[in-house]
Amino acid sequence: MKGGDSMKQVTQKIIQAALTAGAVIFTTVSPILAQGNITIEEPTGGVKDFGKLLSAGIQTAIILAAILTFAFLIWGGIQWITSGGDKAAYEAARGRITAALVGLAIVAAAWAVMKLVGYFFGVNVFDFEIPTASGS
């Protein structure tokens, strides 16, 4: 990479290289798997159910958002206390606290929407199972 590349250009080059590598792998592996005499066995370890992985990811994101909200509220509170009458520091603390509370409201609303979708449509996102061809 050249010394004058910006971060955006570097990121674009990395994404382009990853997509190119994925396309090469996809086009070279697909004919091999199309032979028909290859059996794929169930993995012995790791993630076996994508639905459970998705559910765990959503739950982890909600918990992480709540922890980050708490941390930003504490940070804003300390910044407010130590502002010492400085208008700029006071406004920054107030903005941080407001942003944390708005973020918490958005996370709570997203959780409520997921619960409503689950209630009305019978899709429980917190215990998500992807149906298989056999119906289980």
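Right, let's walk through the structure included here. Bear in mind the structure is a predicted one, so any value in this text is a computation, not a measurement.

**Examining the overall build of the chain**
For the chain, the helix and strand inventory stands at 3 helices and 0 strands. Ordering the α and β elements of the chain from the N terminus gives α-α-α. A buried classification covers 12% of the 136 residues belonging to the chain. By element, 70% of the accessible surface of the chain is carried by carbon and sulfur atoms, the whole surface being about 10700 Å².

**A word on the pattern of salt bridges**
Enumeration according to the criterion identifies 1 salt bridge in this entry. A salt bridge links E91 to K87, with the shortest nitrogen-to-oxygen separation between them at 3.8 Å. Separated by 4 residues within a single helix, E91 and K87 lie in helix 3 (residues 87-121), roughly one turn from each other.

**Observations regarding the packing of helix 2 (residues 50-81) against helix 3**
Relative to each other, helix 2 and helix 3 sit at 160°, their axes nearing to 8 Å. With respect to helix 3, the axis of helix 2 lies roughly antiparallel. Helix 2 and helix 3 meet at a crossing whose hand is left-handed. Split into classes, the residues belonging to the contact of helix 2 with helix 3 amount to 18 nonpolar, 4 polar and 2 charged.

The rules behind these values
Residues numbered from 1 in each chain as written. Predicted model: local features only at pLDDT ≥ 70, side-chain atom pairs only at ≥ 80, totals over all residues. Heavy atoms only, no water. Helix = DSSP H or I, 4+ residues; strand = E, 2+ residues; numbered from the N terminus. Buried < 20%, exposed > 50% of the residue type's maximum accessible area, 1.4 Å probe, protein only. Areas by Shrake-Rupley, 256 points an atom, 1.4 Å probe, with all protein chains shown as cover. Salt bridge = Lys/Arg side-chain N within 4 Å of Asp/Glu carboxyl O. Axes fitted to C-alpha atoms, helices over the stretch in contact; angles between N-to-C directions. Parallel < 35°, antiparallel > 145°, perpendicular 65-115°, else oblique. Left-handed = near helix turned anticlockwise from the far one by under 90°. Nonpolar A, V, L, I, M, F, W, Y, C, P; charged D, E, K, R; others polar.

That is the geometry; function is a separate question.
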